[in-house]
Amino acid sequence: VMDVAAIHPHIDHLFSCYARLAENHSLNGEQVACLLLNLLSMLPEDKQKLPDERSGIATPVMFWLEENYRHKFSLARLAQELGKSRSYVSRRFHVETGEPIHQYLNTLRLRKACDLLLHSALAIHHIAREVGFSDVTYFISAFKKGIGETPLQYRKNRAGRQVTKRV
């Protein structure tokens, strides 16, 4: 339970962003949970001052990435759509989240790939393209580095666990 009365405008803004995203895309339970965790992680601790809404860039960047992760990333296009400079968007996102935009985007793409590996029969190279990787070899190495196993190992290991649970 959290008392968010002091930051109600910020929470209201986050939920309006969520509502816009939900209107355009059907979200599954994992996506909603990740979104809520992202939202809650952005809440300031009691001792921290709530950032001015005009300076908060992480939330709009995250929503933009959620809608555009399948495409080749362009910081210039993102910044233009947000009406900010590239350096401002990059710097503020890193300050607010503790990670660079590219790292966040890579994590988002890997999460989407995990979902497709578990819930589709698409080939690895199709999944790579579906989540925004233009090179399947790079996708496999990024997946191995980020998840700890190759996409094929991930799919096989999880499929085996699902069968075991049903027996």
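Structure first, text after, so check above.
Below: a short report on this structure. Treat the numbers as computed from the prediction; the structure is a model and nothing was measured.

What to know about helix H6 (residues 101-119)
Along an α-helix, a turn takes 3.6 residues, which lines up residues three or four apart on a common side.
Phase 1 of the analysis: Taking 1.5 Å as the rise per residue, H6 with 19 residues should run 27 Å; its terminal C-alpha atoms sit 27 Å apart, in good agreement.
Phase 2 of the analysis: Listing the buried residues of H6 in full gives Ile101, Tyr104, Leu105, Leu108, Arg109, Leu110, Lys112, Ala113, Cys114 and Leu117.

Some points on the packing of H6 against helix H8 (residues 136-147)
Phase 1 of the analysis: H8 packs onto H6 with a crossing angle of 95° between their chain directions and a minimal axis gap of 10 Å. It follows from the interaxial angle that H6 and H8 lie roughly perpendicular. Facing Asn106, Leu110, Ala113, Cys114 and Leu117 of H6, the residues of H8 in contact are Phe139, Ala142, Phe143, Gly146 and Ile147.
Phase 2 of the analysis: Of the residues contributing to the contact of H6 with H8, the split by class is eight nonpolar, two polar and no charged.

A few points about the pattern of salt bridges
Phase 1 of the analysis: Applying the stated rule across the entire model yields six salt bridges.
Phase 2 of the analysis: For Arg70, the salt bridge goes to Glu130, with nearest N and O atoms at 3.0 Å. With Arg70 in the loop between helix H3 (58-68) and helix H4 (75-82) and Glu130 in helix H7 (residues 124-130), the pair connects residues that are 60 residues apart, well separated along the chain.
Phase 3 of the analysis: For Arg70, a relative accessible area of 42% puts it in the partly exposed group.
Phase 4 of the analysis: With its nearest N and O atoms 3.7 Å apart, the salt bridge here joins Arg77 to Glu81. Here the residue Arg77 and the residue Glu81 both occupy positions in helix H4, the gap between them amounting to four residues, near one helical turn.
Phase 5 of the analysis: Judged by relative accessible area, Arg77 falls into the partly exposed class, the value being 28%.
Phase 6 of the analysis: What makes Glu81 exposed here is its relative accessible area of 51%.
Phase 7 of the analysis: Shared partners join several salt bridges into a network, and the residues in it are Glu66, Arg111 and Lys112.

The rules behind each value
- Residues numbered from 1 in each chain as written.
- Predicted model: local features only at pLDDT ≥ 70, side-chain atom pairs only at ≥ 80, totals over all residues.
- Heavy atoms only, no water.
- Helix = DSSP H or I, 4+ residues; strand = E, 2+ residues; numbered from the N terminus.
- Expected span 1.5 Å × (residues − 1).
- Buried < 20%, exposed > 50% of the residue type's maximum accessible area, 1.4 Å probe, protein only.
- Axes fitted to C-alpha atoms, helices over the stretch in contact; angles between N-to-C directions.
- Parallel < 35°, antiparallel > 145°, perpendicular 65-115°, else oblique.
- Contact = heavy atoms within 4.5 Å.
- Nonpolar A, V, L, I, M, F, W, Y, C, P; charged D, E, K, R; others polar.
- Salt bridge = Lys/Arg side-chain N within 4 Å of Asp/Glu carboxyl O.

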